Amino acid sequence: MIVRTKIAAALSVALFAVTSTATAEVTLYDYTEATSSYQDAYLTGQFNATDGNGHNQAAYNASLALDYDRVISTPNRNLGMSFNADGSISRGSAAGASSDSNYLASGSVTADNYFRPGTKGLFWYGSGDVGFKKSADVFSKIGVGLGYGRVVNVTPMAKAIRLMEALRQQGALSADPSKATYLQVAQIIARQDEYRSKFRLGNYEQQWITDIEKALIQSGQVRGTLSAAGVIEARDVLVNEFISTRKHGWLLRAGLGLVLSNYDGTDGGDPTLDIGAEYHRPLNNQTQFSNVAKFSSIYGNDDTGYRLYNTMSLTHEVSDKIDWENSWLMDYSKAGDAGGQDLTTNTLSSTFRYYLNNQLDLTATAKASNTEDDINNNGNDDTDLSFNVGASYRLR
C-alpha cells in the first residue's frame, strides 16, 4: 500500500512538472530555428516649407530615403544584404537663395559560413561594400575574415505569440497552447516566402493559414476547425498587421579588407583591418534592443586612418498600430593624413510610427545631431535640432 502511494505521488509530481513545463510562459528566446529569412524595404519621404514674415522667398526642405535589409539564414550560412540611399533638396529664405541638393548611397553584402552547421560557433565570412556620393567617385571594398556567434531572427515567434493572443481573446482556442505548439506554428509562419513562391498563381495565404490551423487542431487547441471569424482574425494578424523585426543573439567578426576604389578618386589597393560586433536582445515580447559596432583601419601611404561607428536602437511596440523607435548613432573618423581633421558625429532620434496598414505608415521624428571637428565658426558648432512629420511606404 505504501509502495503504491509513493508511486502515485511520484506520478502526480511528474505529471504536474510536465504540465507546468508545457504551459509555461512562452518567450521569443524559445525560438532557436536557424533556418529563416526576412526582408525590410522602406521608402520614406519628408517635406516642410515656411513662408511669411522675415522671408524674402519661401523656404523648403524635402528628403527621400530608401532602406533595404535582407537576411537569409540556413544552418550552414547567414547571408545579409543591405542598401541605403538618401537624397535631399532645400532652399533658404534669403532673397536669391538657390536650391541645394545632395545624395548618398551605400550597399553591402556579407556571408557568414559556419564550420559546424546549425551551431552558434566559429565561421568564416566574406564581404563586399560599395558607396556613392554626389560629386565623388565610387567607393568599393572587399573583405574576408573569421567570426564567432550567431544572430537568430525570432520574428516568427513574435507573430505566433500575437496570433495566439488574438485567437485566445476571440475564444477560438480551447486551452492555452504549449511551447511545442507555439514552436510548430512559428516554424510554419517562418515559411511564408516558401508558400508565396509555391502558390504564386493561387492564394498562398489560404494554404498558409490552413496549415497553421491543422497544427492547432493536432495539438488539441482547436476542436473541429477554426470558425470563419477565427480565420479572418488569423489573416488580419499575419497579413494586415506589421510586427517589426525581432532578433536574438550576438556575434563577433575580425578580418582583413582591401579598398578597391576611393571617393576622392585615388587608386585603391590600401589594406584594412576590420572588426565588428552585434548584440540583439528582445527585452520582452514588445521591446527590441540592438547594438551594432564596426571599426575599420586603412593603411595608406600616409598616416593610418580609421573609422569607428556604433548604432544603438530600442524599439517598443506601443500597440498593434504604433511603434516607438529610438536610436543613437556615433560616427568617429580619423583622417589618414597629417593635415586632416578628426570628426565625431552623434545623432539621437526618436520616432513614433503609426501604421495605417501593412505597407503605409505615418512618422513623427525628433532628432538632435552634434558634430565635433575642432574647427570654430564653420557652421556646425551648435547642436542641430529638428522635428519632421512624414510618410513611409513599405515595399516588402
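Keep in mind it's a predicted model, so treat the numbers as computed, not measured.

Caption draft 1: Representation of helix H5 (residues 204-218) within the structure. Here H5 contains 15 residues, and its C-alpha end-to-end distance of 21 Å stays within 8% of the 21 Å for a straight helix at 1.5 Å per residue. Those residues of H5 that fall on the buried side of the exposure criterion are Tyr 204, Glu 205, Trp 208, Ile 209, Asp 211, Ile 212, Glu 213, Ala 215 and Leu 216. For H5, the elements touching its buried residues are helix H2 (155-170), helix H3 (179-190), helix H4 (192-198) and helix H6 (228-240). The N-cap residue of H5 is Asn 203: its side-chain oxygen and the backbone nitrogen of Glu 205 are 3.2 Å apart. Downstream of H5 by one or two residues, Gly 220 has phi in the positive range, about 85°.

Caption draft 2: Looking closely at the environment of Ala 368. Tracing the backbone through its elements, the reader meets Ala 368 in strand E13 (residues 360-372). Given a relative accessible area of 22%, Ala 368 falls into the partly exposed group. In sequence terms Ala 368 and Ser 386 are 18 residues apart; their C-alpha atoms lie 6.6 Å from each other. For Ala 368, the residues in contact, after removing those within four places along its chain, are Asn 346, Thr 347, Leu 348, Thr 383, Asp 384 and Leu 385.

Caption draft 3: Molecular detail of the confidence of the model for the protein chain. Scored by pLDDT, the protein chain has a mean of 83; 87% of the residues are at 70 or more. Low confidence marks residues 1-23, where pLDDT is under 50. Its contacts with residues over four positions away, or in another chain, come to four contacts.

Caption draft 4: Representation of the layout of surface pockets in the model. Taken as a whole, the second largest pocket encloses approximately 620 Å³ of empty space. For the second largest pocket, the lining is made up of 27 residues, of which Lys 159, Gln 192, Asp 193, Arg 196 and Arg 394 are closest to its centre. Split by residue class, the lining of the second largest pocket holds nine nonpolar, nine polar and nine charged.

Caption draft 5: Up close: the nonpolar core. Met 157, Leu 163, Val 185, Trp 208, Ile 212, Leu 216 and Leu 238 are the most contacted members of the largest nonpolar core, which has 35 residues in total. Those elements that provide at least two residues to this core are H2, H3, H5 and H6. Ranked by residues supplied to this core, first place goes to H2 with eight residues. Setting aside chain neighbours within four positions, we find Met 157 in contact with Val 26, Thr 27, Leu 28, Asp 30, Tyr 31, Tyr 182, Leu 183 and Ala 186.

Caption draft 6: Here's a closer look at the packing of H2 against H6. Where H2 contacts H6, the axes come no closer than 10 Å and their chain directions differ by 150°. Regarding the angle of H2 to H6, the classification is roughly antiparallel. The crossing of H2 and H6 is right-handed. Across the interface between the two elements, Lys 159, Arg 162, Leu 163, Ala 166, Leu 167 and Gln 170 of H2 pack against Ala 229, Gly 230, Glu 233, Ala 234, Val 237 and Leu 238 of H6. Of the residues in the contact of H2 with H6, the class split is seven nonpolar, two polar and three charged.

Caption draft 7: Inspection of the environment of Leu 314 at higher detail. Locating Leu 314 in the fold gives a position in strand E10 (residues 305-317). Classification of Leu 314 as partly exposed rests on a relative accessible area of 34%.

Caption draft 8: Main features of the pattern of salt bridges. One pass over the structure, following the stated rule, counts 17 salt bridges. A salt bridge links Arg 253 to Asp 112, with the nearest nitrogen and oxygen atoms 2.8 Å apart. Remark: Asp 112 occurs in strand E4 (residues 100-114) and Arg 253 occurs in strand E7 (residues 247-261); sequence separation between them is 141 residues. No difference in accessibility class separates Arg 253 from Asp 112, as the two residues are buried. Two residues, Glu 278 and Arg 253, come together in a salt bridge whose shortest N-O distance is 3.6 Å. Residue Glu 278 is found in strand E8 (residues 267-284), and its partner Arg 253 is found in strand E7; the two are separated by 25 residues along the sequence. Accessibility assignment for this pair places Glu 278 and Arg 253 in one class, buried. Within this structure, Arg 162, Glu 165, Glu 241 and Asp 320 form a network of salt bridges that share partners.

Caption draft 9: Highlighting the packing of H5 against H6. Following both chains from N to C, one finds H5 and H6 inclined at 110°, their axes separated by 11 Å at the closest point. Comparing their axes, H6 and H5 come out roughly perpendicular. The handedness of the crossing between H5 and H6 is right-handed. Facing H5, whose interface residues are Glu 205, Trp 208, Ile 209 and Ile 212, H6 presents Val 231, Ala 234, Arg 235, Leu 238 and Val 239. In terms of residue class, the contact of H5 with H6 is built from seven nonpolar, no polar and two charged.

Caption draft 10: Just the packing of aromatic side chains, in detail. By the definition in use, this model includes ten aromatic pairs. Centre to centre, the rings of Phe 295 and Tyr 306 are 5.7 Å apart; their planes meet at 40°, and the pair counts as tilted. Pair noted here: Phe 295 is in strand E9 (residues 287-298) and Tyr 306 is in strand E10, with a separation of eleven residues, a long-range link. Ring-pair connections join several aromatic residues into one group, and the members of that group are Tyr 42, Phe 242 and Tyr 355. The ring of Tyr 42 is capped by Arg 353, whose NZ or CZ atom sits 5.5 Å from the centre of that ring.

The rules behind each value
Residues numbered from 1 in each chain as written. Predicted model: local features only at pLDDT ≥ 70, side-chain atom pairs only at ≥ 80, totals over all residues. Heavy atoms only, no water. Helix = DSSP H or I, 4+ residues; strand = E, 2+ residues; numbered from the N terminus. Expected span 1.5 Å × (residues − 1). Buried < 20%, exposed > 50% of the residue type's maximum accessible area, 1.4 Å probe, protein only. Contact = heavy atoms within 4.5 Å. Polar contact = N/O pair within 3.5 Å; in protein donor to acceptor, adjacent residues only side chain to side chain. pLDDT = per-residue confidence, 0-100. 1 Å grid on protein atoms, 1.4 Å probe; cavity = no way out; pocket = protein on both sides within 12 Å on 5 of 7 lines; lining within 4 Å. Points joined across faces, edges and corners; volume = space filled by probe spheres on them. Nonpolar A, V, L, I, M, F, W, Y, C, P; charged D, E, K, R; others polar. Core = buried A, V, L, I, M, F, W, Y, C linked by side-chain atoms within 4.5 Å. Axes fitted to C-alpha atoms, helices over the stretch in contact; angles between N-to-C directions. Parallel < 35°, antiparallel > 145°, perpendicular 65-115°, else oblique. Left-handed = near helix turned anticlockwise from the far one by under 90°. Salt bridge = Lys/Arg side-chain N within 4 Å of Asp/Glu carboxyl O. Phe/Tyr/Trp six-rings, centres within 6.5 Å; stacked < 30°, edge-to-face > 60°. Lys NZ or Arg CZ within 6 Å of the ring centre and 35° of its normal.

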